[in-house]
Amino acid sequence: MSVRHLDALFAPRSVAVIGVSGREGNLGAIVLRNLRAAGFPGPLWAVNRHAVEVDGVPVLPGVEAMPEAPDLAVICTPAPTVPGLVEALGRRGTRAAIVLSAGMQQPAPGGTTWQQAMLDAARPHLLRILGPNCIGALVPALRLNASFAPGTALPGPLAFVTQSGALATAMLDWANAQGIGFSHFISVGDSADVDFGDVLDYLASDPATRAILLYAESVKHARKFMSAARAAARNKPVIVVKAGRAPEGARAAASHTGALAGSDAVFDAAVRRAGMVRVDTLGALFDAAQTLARVQRWRGERLAIVTNGGGAGVLAADALALGGGRLADLSPDTLARLDALLPANWSHANPVDLIGDAPVERYTGAVRILLEAPEVDGVLFLHAPTAIVPAADIAAACVPLLREAGKPVLSCWLGGARVAPAREAFAAAGLASYTTPEHAVAGWLQLVQYHRNQEALLQLPAAQGEQLQVDAPAARAVLQEALAAGREWLDEEQAKRVLQAYGIATVRTVRALDVEEAVIAAGDIGYPVALKVLSPQIVHKSDVGGVALHLGSAEEVRLAAVRMRQSVARLSPQAHVSGFAVQAMVRRPRAHELIVGIAQDPLFGPVILFGAGGTAVEILKDRAVGLPPLNAALVQDLVGRTQVASLLAGHRGEPGADRQALTDAILRVSQMACDLAELAELDVNPLLADAQGVIALDARIRLRRPLAGEGNRLALRPYPAELEETWMLGDRTLQVRPIRPEDGERLQDFYAEATPADLRLRFFLSRREVPRTELARYCQIDYEREMTFVAIADGQIAGEVRAVSDPDNVEAEFAVQVASAWQHRGLGRRLMDKLLDYLRTRGTAVVVGQCLQENKVMVALARRLGFTTQVGPEDIVQLRLPLRDA
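Residues numbered from 1 in each chain as written. Predicted model: local features only at pLDDT ≥ 70, side-chain atom pairs only at ≥ 80, totals over all residues. Heavy atoms only, no water.

## Some points on the overall build of the protein
Then comes step 1: The helix and strand tally for the protein stands at 29 helices and 40 strands.
Then comes step 2: For 886 residues, the compact-globule estimate of 2.2 N^0.38 gives 29 Å, and the protein sits close to it at 32 Å.
Then comes step 3: Judged by the C-alpha coordinates and their principal axes, the protein covers about 95 × 80 × 65 Å.
Then comes step 4: Per-residue burial over the protein gives 57% buried out of 886 residues.
Then comes step 5: Pairs at least 24 residues apart make up 72% of the contacts formed inside the protein by residues separated by at least 6 positions. (Helix = DSSP H or I, 4+ residues; strand = E, 2+ residues; numbered from the N terminus. Rg over C-alpha atoms; globule rule 2.2 N^0.38 Å. Buried < 20%, exposed > 50% of the residue type's maximum accessible area, 1.4 Å probe, protein only. Contact = heavy atoms within 4.5 Å.)

Spelled out as structure tokens, the structure:
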């Protein structure tokens, strides 16, 4: 489930509190008092088998005694009573409950836990549960405080969602002191039912929520979480702080990739892929609350700093530079205007130092100039107290100017009591204010990172040919053969066969059973050669003397083999040597040694790792992690997050590496992660990269046995190639398939060539072109919740049909468009048939759409397909087709 019945949880018309008594410190009584103190406007009932009255409120003896079913019940009773209460509430018609009770993981009769018994009781009634072991939920605008928090929240535009009750109360206390308000304040606790994914889906479409703050200790259901996070972050900023950055302990992983791709790095990759922003500390989360609540406009990254103290300005500029931010370069016109206003000894640069004796007029004048400067996207206002002008006077003069600014403005009033009135005046005016320059810059950088993430998600990869040509069955056969033989690791020759099946260039490798076969293989390959030991028990061959390079003759091969066996017997006596791998020596002295790999994360599934490779890989620790499936733009971002990326660009006269070849290799590894469930870990180390291209010198592959019925291995649903078809329409051939991110240019051309009338019928307004950001959203879809089929003829889109489902897959909204040259040929009908068949297989309940009444062709097509049609306001026809019972 996802958003089903969450309206009853967060916007209830009536509330029951179960477990209310007059005992001192009774949890139910505290919740009841909070609800009454907040002024909840609907019916409010208290329930307890024994109490009669609490705080003047009559207490009912049971669920059955309530005059009607409450929308929301808050359960504050011991764990063993909860399943029965949930069952009784479900029978009455209640659709949401907040369970504050702890101890729900304790054993219950029947070999289960109280928590599972609670979920079993709720499921037949679709009753949603927040908690257990949480403090509750607050929705200030609705005067709902269904919690035992010590106080209530102010209304505002932020949503705060947390797994920690202690952090919830700390945030609430801090926010009230700062005058920061919330649309929702939600403690999910153990999230047995309602989890982060559900809450993100709900808040993403909530018009009262402008930004979302998350405190996470763990995440469940990776694919659901990623789909919800991507949808939410496209609509509004989502800032997350996650506990557990430090590893809980060294995880046993024999491959470099397995060791390097720790769960925290993977969570970082998930946050980045979803378009969220991660912060490291609780303080940074408080900064985010300040920034998001009060900085409403975004123009760009170029920040101007204005200050009455050079030291404060330098600290802010340093923090900005260290955080990867950008100081605005002031134009000659702006500098000239500042010269006319400021003393001759002002800084003549950004930061703009007003000098310590600045009167009020100097502040307002400088700020006005910076706000009007086109090269400035935002302003950071810094002030340290002086005896010349009271801070309150400066604040009073600046507030009207800053409140009407068309750019983001952040402020920092350095000091304590002397600047407190100024800080209060800024807060009352809704202006963001911080205690130190570093905190103010941190708030700005959070906005920068959010918008960078969004821009990265909206990058359209360059158009390319059809999907990568790979031989997945051949690779899978190698893996399954090894699994059947009881092996955990492929030997080197087998690993190279898997890479070759995916089109990754490898050095020629021949397996030899003994020394003489190795000599023959070396002669066939041509000297010099490399010799490597083969043993199922040895993964890192160089650790046991199992690698010999630059062997120039048969005698050197023989001698190396003997020494290799002796070294293995001494350093790894349990290992069985099954033979040798003989390889051609690759002479590419200026090539960079890289690592590309696959690891398995217990939550997010397969992940891709890229970085600096070679024998020092774990010392350098220069790597980046991404979630498959990747496209070319995501690969470029992955590579760009490493230090070795600057070397790959070329330096000191050396040519750069072939980035297209590197991108292609990483894309093929990503495809491998999507296709091969039997592959647990992969190390391609080193992968040599230079101007000639890339080549894999060594590879290790670890195997796994896929679990029966295993589904959703990947956190992101990969491209569904199984939905591709070839159609004949008259004498023309059409390739019909799901849309891909690389289709951006095709789609742009498709809309550009449409007639103005066709665009108006499609988008209900006149437009000359579809913006690039919109194209990116149309191409980079979440296949878990969306589907777009394109029909392609001669490399151009002839028609498209798309549908977007709600999080519960109850309702999907469709749209269809056919190129002018292909209209009236039956293509629209065939595309609609394909879409409807797909939605039926996905279990969608209802398909809906809209069209203008004048679009008679669409209305007629919809009726032939079985849609009902109803003309609504503004001559818009509502289309509806049930596919199953809701």
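## A word on the nonpolar core
Then comes step 1: Ranked by size, the top nonpolar core spans 70 residues in total, and within it Leu-9, Ile-98, Leu-130, Leu-200, Met-226, Phe-604 and Leu-627 carry the most contacts.
Then comes step 2: Per element, the largest residue contribution to this core is 7 residues, and it comes from helix α7 (residues 222-235).
Then comes step 3: Other than its neighbours up to four places away in sequence, Leu-9 contacts Leu-72, Ala-96, Ala-97, Ile-98, Leu-130, Leu-144 and Val-194.
Then comes step 4: Judged by nonpolar contacts, the second largest core, of 57 residues, contains Leu-723, Val-801, Val-816 and Leu-827. (Core = buried A, V, L, I, M, F, W, Y, C linked by side-chain atoms within 4.5 Å.)

## Brief notes about the packing of helix α13 (residues 360-372) against helix α14 (residues 391-403)
When two helices pack together, their arrangement is given by the angle between their axes and by how far apart the axes lie.
Then comes step 1: For the pair α13 and α14, interaxial distance at closest approach is 9 Å and the crossing angle is 25°. The pairing of α13 with α14 is recorded here as roughly parallel in orientation. For the pair α13 and α14, the sense of crossing is right-handed. Across from Val-360, Tyr-363, Thr-364, Val-367, Arg-368 and Leu-371 in α13, the residues of α14 making contact are Asp-393, Ile-394, Ala-397, Cys-398, Leu-401 and Leu-402.
Then comes step 2: Here the contact of α13 with α14 is built from residues that sort into 9 nonpolar, 1 polar and 2 charged. (Axes fitted to C-alpha atoms, helices over the stretch in contact; angles between N-to-C directions. Parallel < 35°, antiparallel > 145°, perpendicular 65-115°, else oblique. Left-handed = near helix turned anticlockwise from the far one by under 90°. Nonpolar A, V, L, I, M, F, W, Y, C, P; charged D, E, K, R; others polar.)

## Thoughts on the side chain of Asn-809
Then comes step 1: With respect to the secondary-structure elements, Asn-809 resides in the loop between β36 (796-805) and β37 (811-818).
Then comes step 2: Polar contacts involving the side chain of Asn-809 include one to the side chain of Ser-805, which spans 3.4 Å.
Then comes step 3: Filtering out sequence-adjacent residues up to four positions away, Asn-809 remains in contact with Arg-842, Gly-843, Thr-844, Ala-845 and Arg-884. (Polar contact = N/O pair within 3.5 Å; in protein donor to acceptor, adjacent residues only side chain to side chain.)

## Structural notes on the sheet that holds strand β16 (residues 277-279)
Then comes step 1: Spatially, the 7 strands line up as an open sheet ordered β11-β10-β13-β12-β14-β15-β16, and their pairing is mixed. Whereas interior strands pair on both sides, the edge strands pair on one side only; in this sheet they are β11 (144-147) and β16. Pairwise comparison of adjacent strand axes, ignoring direction, gives a mean angle of 15° for this sheet.
Then comes step 2: Here strand β15 (residues 238-242) runs beside β16; their pairing, made up of 3 bridges, is parallel. Across the sheet, the residue bridging to Val-241 is Val-279, located in β16. (Pairing = 2+ DSSP bridges.)

## Description of the sheet that holds strand β35 (residues 786-793)
Then comes step 1: Judged by pairing direction, the sheet is mixed, and its 8 strands sit side by side in the order β33-β34-β35-β36-β37-β38-β40-β39 without closing on themselves. What marks the edges here is a single partner per strand, and that holds for β33 (725-729) and β39 (868-871). For this sheet, the mean angle separating the axes of adjacent strands, direction not counted, is 25°.
Then comes step 2: Contacting β36, β37 and β38 (846-852), helix α26 (residues 756-763) crosses the sheet at an angle of about 175° to β37.

## Re helix α11 (residues 310-322)
Then comes step 1: With 13 residues, α11 should reach 18 Å at 1.5 Å per residue; the first-to-last C-alpha distance of 18 Å fits that figure.
Then comes step 2: All of the buried residues in α11 are Ala-312, Gly-313, Ala-316, Ala-317, Ala-319 and Leu-320. Each buried residue of α11 sits inside an arc of 160° when the element is viewed along its axis, so together they form one side. Exposed residues pointing more than 90 degrees away from the buried face of α11 are listed as Ala-321 and Leu-322.
Then comes step 3: Contacts made by the buried residues of α11 are with β17 (302-307), β18 (326-327), β20 (378-383) and α16 (437-457).
Then comes step 4: At the exit of α11 stands Gly-324, carrying a positive phi of roughly 80°. (Expected span 1.5 Å × (residues − 1). Arc of directions from axis to C-beta.)

## Points about the packing of aromatic side chains
Then comes step 1: Summed over the entire model, instances satisfying the criterion amount to 16 aromatic pairs.
Then comes step 2: Residues Trp-298 and Trp-444 carry aromatic rings whose centres are separated by 5.2 Å and whose planes lie at 40° to one another, so their mutual orientation is tilted. Note that Trp-298 is positioned in the loop between α10 (282-294) and β17 and Trp-444 in helix α16, a separation of 146 residues in sequence.
Then comes step 3: Trp-444 sits in the buried class, given a relative accessible area of 1%. (Phe/Tyr/Trp six-rings, centres within 6.5 Å; stacked < 30°, edge-to-face > 60°.)

## Overview of the pairing of strand β21 (residues 409-413)
It is a general feature of regular strands that their side chains alternate between the two faces of the sheet.
Then comes step 1: Extensive coverage of β21 is indicated by the burial of 5 of its 5 residues.
Then comes step 2: Here β21 shows no split at all, with Val-409, Ser-411 and Trp-413 on one side and Leu-410 and Cys-412 on the other all buried.
Then comes step 3: Regarding the hand of the β-α-β motif, the stretch spanning β20, α14 and β21 is right-handed.
Then comes step 4: Judged from the 3 bridges that link them, β21 and strand β22 (residues 432-434) form a sheet pairing that is parallel. Following the sheet pairing, Ser-411 is matched in β22 by Ser-433. (Right-handed = clockwise from strand over helix to strand, strands pointing away.)

## Observations concerning the pairing of strand β12 (residues 155-162)
Then comes step 1: The buried count for β12 comes to 6 of 8 residues, which makes it a mostly enclosed element.
Then comes step 2: Pairing analysis gives 6 bridges linking β12 to strand β13 (residues 182-187), with the strands arranged parallel. Residue Thr-162 lies in a different strand from β13, and its bridge partner there is Ser-187.
Then comes step 3: Of the crossover connections in this fold, the one passing from β12 over helix α5 (residues 165-178) to the parallel β13 is right-handed.

## So, the confidence of the model for the protein
Do not read the predicted coordinates in detail wherever pLDDT is low.
Then comes step 1: For the protein, per-residue confidence averages 91 on the pLDDT scale, and residues scoring 70 or more make up 97% of the total.
Then comes step 2: Overall, residues 248-256 carries pLDDT values under 50, and its contacts beyond four positions in sequence, including any with other chains, amount to 21 contacts.
Then comes step 3: Long-range and interchain partners of residues 258-262, a stretch whose pLDDT sits below 50, account for 16 contacts in this model, where long-range means more than four residues apart. (pLDDT = per-residue confidence, 0-100.)

## Brief notes about the state of the cysteines
Such a bond, covalent and formed between the sulfur atoms of two cysteines, is termed a disulfide.
Then comes step 1: One pass over the structure, following the stated rule, counts 0 disulfides.
Then comes step 2: Lacking any disulfide linkage, Cys-412 is separated from the closest cysteine sulfur, that of Cys-398, by 14 Å.
Then comes step 3: Looking at Cys-412, the relative accessible area reads 0%, which means it is buried.
Then comes step 4: Of the cysteine sulfurs around Cys-674, a residue in no disulfide, the closest is that of Cys-779, at 19 Å. (Disulfide = S-S within 2.5 Å.)

## Focus on the pattern of salt bridges
Then comes step 1: As enumerated under the stated definition, the model contains 48 salt bridges in all.
Then comes step 2: Where Asp-198 meets Arg-128, a salt bridge forms, and the shortest distance between an N and an O atom there is 3.2 Å. Within this pair, whereas Asp-198 is found in helix α6 (residues 196-204), its partner Arg-128 is found in strand β9 (residues 128-130), the two being separated by 70 residues in sequence. One exposure class covers both Asp-198 and Arg-128, and it is buried.
Then comes step 3: The partner of Asp-794 in a salt bridge is Arg-732, and the shortest N-O contact between them spans 2.8 Å. Remark: Arg-732 occurs in strand β34 (residues 732-738) and Asp-794 occurs in the loop between β35 and β36; sequence separation between them is 62 residues.
Then comes step 4: According to the relative accessible area criterion, Asp-794 is exposed, its value standing at 68%.
Then comes step 5: Taken together, the salt bridges that share partners define one network made up of Glu-492, Lys-496, Lys-532, Lys-541, Asp-683, Asp-698 and Arg-700. (Salt bridge = Lys/Arg side-chain N within 4 Å of Asp/Glu carboxyl O.)

## Topic: the packing of α10 against α16
Then comes step 1: The geometry of α10 relative to α16 is characterised by a closest axis approach of 9 Å and an angle of 70° between their N-to-C directions. As far as their axial angle goes, α16 and α10 are roughly perpendicular. Of α16, the residues touching α10 (which contributes Ala-284, Asp-287, Ala-288, Thr-291 and Leu-292) are His-439, Ala-442, Gly-443, Gln-446 and Leu-447.

## Comments concerning unusual backbone geometry
Then comes step 1: Geometrically, the link from Gly-131 to Pro-132 is a cis peptide bond, its omega value of 0° lying close to zero.
Then comes step 2: Examined against the element boundaries, Pro-132 turns out to sit in the loop between β9 and β10 (136-139).
Then comes step 3: In the segment running from Pro-628 into Pro-629, the intervening peptide bond is cis, with an omega of 0°.
Then comes step 4: The phi dihedral of Ser-191 is positive, around 45°, even though this residue is not glycine.
Then comes step 5: Mapped onto the secondary structure, Ser-191 falls in the loop between β13 and α6.

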